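Reading the structure
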Amino acid sequence: MKVLKSIFLILLVVGLSSCKDKSAESQETTVIQEVSTYYFIRHAEKDRSDSQNSDPELIQKGLGRAMHWAEIFTDIDLDAIYSTDYSRTSMTAAPTSVKKNLDVQYYNLEDIKIEQFKTDHANQNTLIVGHSNTTPEFVNQMIGEDKYSHMDDYDYGSLFIVQIINGKATSQRLHINCNCPE
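None of these values were measured; they are calculated from a predicted model. (Residues numbered from 1 in each chain as written. Predicted model: local features only at pLDDT ≥ 70, side-chain atom pairs only at ≥ 80, totals over all residues. Heavy atoms only, no water.)

1. Let's talk about the state of the cysteines
Under the counting rule described, the total for this entry stands at one disulfide. Covalent S-S linkage joins cysteine 178 and cysteine 180, the inter-sulfur distance amounting to 1.6 Å. The same class applies to cysteine 178 as to cysteine 180, namely buried. (Disulfide = S-S within 2.5 Å. Buried < 20%, exposed > 50% of the residue type's maximum accessible area, 1.4 Å probe, protein only.)

Spelled out as structure tokens, the structure:
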């Protein structure tokens with residue numbers, strides 16, 4: 001009888017301690033991470049043959065770069081794609097749009113309400129295609145600081161990544177080389 005009481009007491013202690021560990025674990029896993037990731041790129045190489053053309057299309061190298069961007073985003077589950085309403089930005093977004101089966105949504109940076117944009121895309125991955133001036137400006141607005149200046153006119157390979165984790169924004173700028181045919 002004494003042995004049974006001892007075994008029962010040991011089982012009770014072990015059972016209670018394992019319940020305690022499980023409840024601590026479940027409390028740790030209930031911390032909710034809200035992560036939103038925004039990928040900002042500039043349109044690819046444009047046709048510069050007519051300086052009067054305000055809406056040029058992409059040249060062959062730019063088309064290659066647009067395809068290259070689509071390959072870069074292959075393993076990223078995108079939820080939305082945005083582009084300004086210009087031929088060069090639309091053409092840059094198109095291969096990724098087709099590959100991801102997502103419609104391109106057009107935007108004008110002047111009309112974007114940043115906090116609403118963040119709310120609309122909370123916990124999503126969003127690609128935004130812009131220009132040498134609007135891309136860094138949009139990034140700066142998203143992170144709430146004046147960190148990035150306008151891009152060099154021949155910089156087509158910058159990728160800005162903005163992550164907002166539980167309301168805190170971080171950013172980084174990468175440069176993606178493209179050995180695209182001329």
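2. Some thoughts on the nonpolar core
Tyr38, Phe40, Phe117, Ile128, Phe138, Met142 and Val162 are the most contacted members of the largest nonpolar core, which has 19 residues in total. Of all the secondary structure elements, the ones that give two or more residues to this core are β1 (35-42), β2 (80-83), α4 (114-120), α5 (134-143) and β5 (158-165). Top element by residues in this core is α5. It accounts for four residues. Here valine 162 is in contact with Ser36, Thr37, Tyr38, Phe40, Val139, Met142, Ile143, Thr170 and Ser171, once residues within four sequence places are set aside. Phe73, Leu78, Val104 and Ile161 belong to the second largest nonpolar core, which has 14 residues in total. (Core = buried A, V, L, I, M, F, W, Y, C linked by side-chain atoms within 4.5 Å. Helix = DSSP H or I, 4+ residues; strand = E, 2+ residues; numbered from the N terminus. Contact = heavy atoms within 4.5 Å.)

3. A short note on the pairing of β1
Burial within β1 is extensive, with seven of its eight residues counted as buried. Relative to strand β4 (residues 125-130), β1 runs parallel, the two being bridged by six bridges. Note that in β4 the partner of phenylalanine 40 across the bridge is isoleucine 128. (Pairing = 2+ DSSP bridges.)

4. Observations concerning the sheet that holds β4
The strand order across the open sheet formed by six strands is β3-β2-β4-β1-β5-β6, and the pairing between neighbours is mixed. The open sheet terminates on both sides in strands that have one partner only, identified here as β3 (104-106) and β6 (168-175). Within the sheet, the average angular offset between the axes of one strand and its neighbour, ignoring direction, is 20°. The sheet contact formed by β2 and β4 spans four bridges and is parallel. Paired with alanine 80 across the bridge in β4 is threonine 126. Packing against the sheet, helix α3 (residues 87-100) makes contact with β1, β2, β3 and β4, and its axis sits at approximately 165° to β2. Sheet strands touched by α5: β1, β4, β5 and β6. Its angle to β1, the strand with the most contacts, is close to 160°. (Axes fitted to C-alpha atoms, helices over the stretch in contact; angles between N-to-C directions.)

Purely spatial values, then, with no claim about function.
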